[in-house]
Amino acid sequence: MAADDLARRYADAARLWEDALGAAGAVLTRAAHRAGLETRDLWYHAEMTDGALAARVGDLARSQASLWATASLSALELLGRAHPLGGLAAMTAAFAPLPQGPSSVAPAARAGVLGVVASELWLGYAVLRERARWAPGLVQPADWALQHRRGAGRVLDAANSLGGSLIKAAQFASTRPDLLPPAYTEALASLQDRVPPQPWPVIEQVLTRELGRPPLEVFAEIDPEPLAAASIAQVHRARLNSGRWVALKIQYPGIGALIETDLAALEAIIEMIGRLEPAVQLRPILDYLRWTLPLELDFRREAAAAAALRETVGQHDWVLIPEVIAGLSSERLLVSELVEGIKISDRAGLIAAGIDPAAVARRLVQAYAEQLFQHRVFHADPHPGNLFVQPGVTGPDAGPVLVLLDHGLTTRLADDLVDALGQATAALLQGDLPALADTLRGLGLTLDAALDLDTLRWLLGLLLGGQHLAALGGTGDAAAAPDAARLGLQLGTRIGELRADLLLVGRGIGLIDGLVRQLAPELDSLEIIADSALAAAGD
């Protein structure tokens, strides 16, 4: 091995270890901050009797012991993930290739983090429940509120520390008010699928393996600084030898194994909680992950899904879906044309570029309604990082151009689902509650015969976004009801299981609904959706 190559490998190994130490330190700093917040939270409540105060201090001490145990395991997981040999051995591994995945330390530590968090959540609620049973005066509503906030903080910190499937699980859970109290859904809604990027030497090795040759034999140049880094892959800018600029979506090494570890740990935890607390329904979260994560891990499937969408809604001049370079893509590498624009949620940026936000909102709803009802191929992850806007086209379709990125969750929808959603849209437009309930039952929802108007509105807010509830006499804001927590949790026991594809579409529509509220709150998107559904029905 040449001296300069050896020196580079030592430098790369040192940089990997330095990054891991920094990330581990950030976890411990976050734990210290969380401990301070929880201590302050305890003292900011109403007056307490001596007994109640002692009980709360005891709860805080137990909870913070688990907080530091979780933080320590999370730091160990990050260090173990830095190199298969772990620890200082990384510095002596310069003669070997850089790591292709986590050591055995990392999966064990991840499972440990999940186990400690789950045990603390269950124990916190079980202690309060038993205390309320034997000493009612020592448990007040504020105690349950404190436990909700602590629990939400634990889940949020674990997802931020571990990343991967935990971020996706927490994001999905934040959309399910029927499964979790508001403290959880509100805290987890702040999660973004952004993680610190992997160092370029690690990514370069993956790129070399997937291409089967050195990257610079294929590309004239590659920017080692990523454009974006998410839980499964990161994206780099590159230029082909032909001069064409492309985006390289490169899957993290070992991410499939980490996801399997997470799913196995979650399976065991959910099974345990189901035995201890039968009323707590968490399996829908696991079922959703088991269905969607394999979709996102297979870049060949993503390439085919993007191509299918290009052939349908992508035929419009005002919708742009990047072309995949098939000859260079693989199961873990996706090479596509580089397309840039203004982030759709950047309202000020749109206005500064002379783009009307209301026109963007209208085209957004039109594009997704057409996907859903006319083509039945749906881009189900329309968060702001996956939607760009470019200045408008001229001619009959004059107006802004939408750019749809990241098609890991783009999928073809079942006919019965699309037909039922079209019927639900018509019933919602007409304010026909019985027809709407019948349609939802046709989707497999085991609706309680006693389901009232309020809970049905909540269900619609969950599946279709809150903007259209006024059609049934609602406020249009599902969170505005004073008994929102009660209604949301009632849904979990009264609607039965929701099919995974319905939840996927519901989550996508909910994201679109939120963007429309930001861009053009006055827009009647239901009318656009109904027009598309009627056009599809007439074909």
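### Notes on the overall build of the chain
If you tally the helices and strands in the chain, you get 18 helices and 11 strands. Here the chain holds 539 residues, and 51% of them are scored as buried. Put simply, of all contacts in the chain between residues at least 6 apart along the chain, 72% involve residues at least 24 apart. As presented, the chain carries roughly 23100 Å² of accessible surface, and 58% of it is formed by carbon and sulfur atoms.

### Some points on the packing of aromatic side chains
Applying the stated rule across the entire model yields three aromatic pairs. Here the aromatic rings of Phe172 and Tyr288 are separated by 3.9 Å at their centres, their planes lie at 0 degrees, and the arrangement is stacked. Placement of the pair is Phe172 in helix 5 (residues 165–173) and Tyr288 in helix 9 (residues 283–297), with a sequence separation of 116 residues. Lying over the aromatic face of Trp245, Arg239 brings its terminal NZ or CZ to 5.8 Å of the ring centre.

### A look at the pairing of strand 10 (residues 399–404)
Counting buried positions along strand 10 yields six of six residues, so the element is predominantly enclosed. As paired strands, strand 5 (residues 319–320) and strand 10 are joined by two bridges and run parallel to one another. Within strand 10, the position partnered with Val319 by the bridge is Leu402.

### Structural notes on the confidence of the model for the chain
The predicted model of the chain averages 82 in pLDDT, with 81% of residues at 70 or higher. In this model, residues 467–495 is a region of pLDDT below 50 whose contacts with residues beyond four sequence positions or in other chains number 69 contacts.

### Structural notes on unusual backbone geometry
Phi at Arg376 takes a positive value of approximately 60 degrees, unusual for a residue other than glycine. If you trace the backbone, Arg376 turns up in the loop between helix 12 (357–375) and strand 8 (377–379). A positive phi angle, near 60 degrees, is found at Asp406, a position not held by glycine. Checked against the element boundaries, Asp406 lands in the loop between strand 10 and strand 11 (410–412). A residue is classified by how much of its surface remains accessible, and Asp406, at 28% relative accessible area, is partly exposed.

### What about the pairing of strand 4 (residues 245–251)?
Of all seven residues in strand 4, six are buried; the element is thus mostly enclosed. By the bridge criterion, seven bridges tie strand 3 (residues 233–240) to strand 4 in an arrangement that is antiparallel. Counterpart to His236 in the pairing with strand 4 is Leu248. Between strand 3 and strand 4, which follow one another and run antiparallel, lie four residues, and Gly243 among them has a positive phi close to 100 degrees. Pairing analysis gives five bridges linking strand 4 to strand 6 (residues 333–337), with the strands arranged antiparallel. Within strand 6, the position partnered with Ile250 by the bridge is Leu333.

### Things to note about a nonpolar patch on the surface
Judged by side-chain polarity, Trp43, Tyr44 and Val57 come together as a nonpolar surface patch covering roughly 380 Å² of accessible area. Of note, Trp43 is situated in helix 1 (residues 3–43).

### Topic: the pattern of salt bridges
Summed over the entire model, instances satisfying the criterion amount to 26 salt bridges. Its salt-bridge partner being Lys168, residue Glu296 comes within 3.2 Å of it at the nearest N-O pair. Placement of the pair is Glu296 in helix 9 and Lys168 in helix 5, with a sequence separation of 128 residues. For the pair Glu296 and Lys168, one class covers both residues: buried. Between Asp513 and Arg517 there is a salt bridge, with its nearest N and O atoms 3.2 Å apart. On the criterion of helical spacing, the pair formed by Asp513 and Arg517 is a turn pair, its members being four residues apart in helix 17 (residues 500–519). By sharing partners, the salt bridges in this structure join Asp59, Arg62, Glu120 and Arg131 into a single network.

### Brief notes about the packing of helix 8 (residues 255–276) against helix 9
Relative orientation of the contacting elements helix 8 and helix 9 amounts to 170 degrees, with a least axis distance of 10 Å. Taken together, the axis directions place helix 8 and helix 9 in an arrangement best described as roughly antiparallel. Every residue of helix 9 that contacts helix 8 at Ile255, Gly256, Ile259, Leu263, Ala264, Leu266, Glu267 and Ile270 is listed here: Arg283, Leu286, Leu289, Arg290, Leu293 and Leu297. Considered class by class, the residues forming the contact of helix 8 with helix 9 number 10 nonpolar, one polar and three charged.

### Some words on the side chain of His379
Looking at the secondary structure, you find His379 in strand 8. A distance of 2.5 Å separates a polar atom in the side chain of His379 from a polar atom in the side chain of Tyr368. Within the structure, the side chain of His379 is placed 3.1 Å from the backbone oxygen of Asp406, a separation counted as a polar contact. Non-local contacts of His379, meaning those with residues more than four positions away in its chain, are made with Leu309, Tyr368, Gln371, Asn386, Leu387, Leu404, Leu405, Asp406, His407 and Thr410.

### A look at the nonpolar core
One broad trend across soluble globular proteins is that nonpolar side chains are buried collectively. Counting residues in hydrophobic clusters, the biggest one holds 116 residues, and the most contacted among them are Phe219, Leu248, Ile344, Leu364 and Leu402. For Leu364, the contacting residues outside a window of four places in its chain are Ile344, Leu387, Leu402, Ile512, Leu515 and Val516. In terms of nonpolar packing, the next biggest core, distinct from the first, is built from six residues, Ala31, Ala35, Ala71 and Leu78 among them.

### Quick look at helix 14 (residues 433–442)
The α-helix winds at 3.6 residues per turn, so residues separated by three or four positions along the chain end up facing the same way. Taken together, the buried positions of helix 14 are occupied by Leu436, Ala437, Thr439 and Leu440. Angular distribution of buried residues about the axis of helix 14 spans 160 degrees; they occupy a single face of the element. Every exposed residue of helix 14 that faces more than 90 degrees away from the buried side is listed here: Pro434, Asp438 and Gly442. Gly444 occupies a position one or two residues after helix 14 and carries a positive phi of about 100 degrees.

### Structural notes on the side chain of Thr410
Structurally, Thr410 can be placed in strand 11. Its relative accessible area of 0% is what places Thr410 among the buried residues. A distance of 2.9 Å separates the side chain of Thr410 from the side chain of His407, its partner in a polar contact. Excluding its chain neighbours within four sequence positions, the residues that come into contact with Thr410 are Arg301, Ala305, Leu309, Val377, Phe378, His379 and Ala380.

Criteria and cut-off values
- Residues numbered from 1 in each chain as written.
- Predicted model: local features only at pLDDT ≥ 70, side-chain atom pairs only at ≥ 80, totals over all residues.
- Heavy atoms only, no water.
- Helix = DSSP H or I, 4+ residues; strand = E, 2+ residues; numbered from the N terminus.
- Buried < 20%, exposed > 50% of the residue type's maximum accessible area, 1.4 Å probe, protein only.
- Contact = heavy atoms within 4.5 Å.
- Areas by Shrake-Rupley, 256 points an atom, 1.4 Å probe, with all protein chains shown as cover.
- Phe/Tyr/Trp six-rings, centres within 6.5 Å; stacked < 30°, edge-to-face > 60°.
- Lys NZ or Arg CZ within 6 Å of the ring centre and 35° of its normal.
- Pairing = 2+ DSSP bridges.
- pLDDT = per-residue confidence, 0-100.
- Patch = residues over 30% accessible without salt bridge, like charges linked within 9 Å, V, L, I, M, F, W, Y side chains within 5 Å.
- Salt bridge = Lys/Arg side-chain N within 4 Å of Asp/Glu carboxyl O.
- Axes fitted to C-alpha atoms, helices over the stretch in contact; angles between N-to-C directions.
- Parallel < 35°, antiparallel > 145°, perpendicular 65-115°, else oblique.
- Nonpolar A, V, L, I, M, F, W, Y, C, P; charged D, E, K, R; others polar.
- Polar contact = N/O pair within 3.5 Å; in protein donor to acceptor, adjacent residues only side chain to side chain.
- Core = buried A, V, L, I, M, F, W, Y, C linked by side-chain atoms within 4.5 Å.
- Arc of directions from axis to C-beta.

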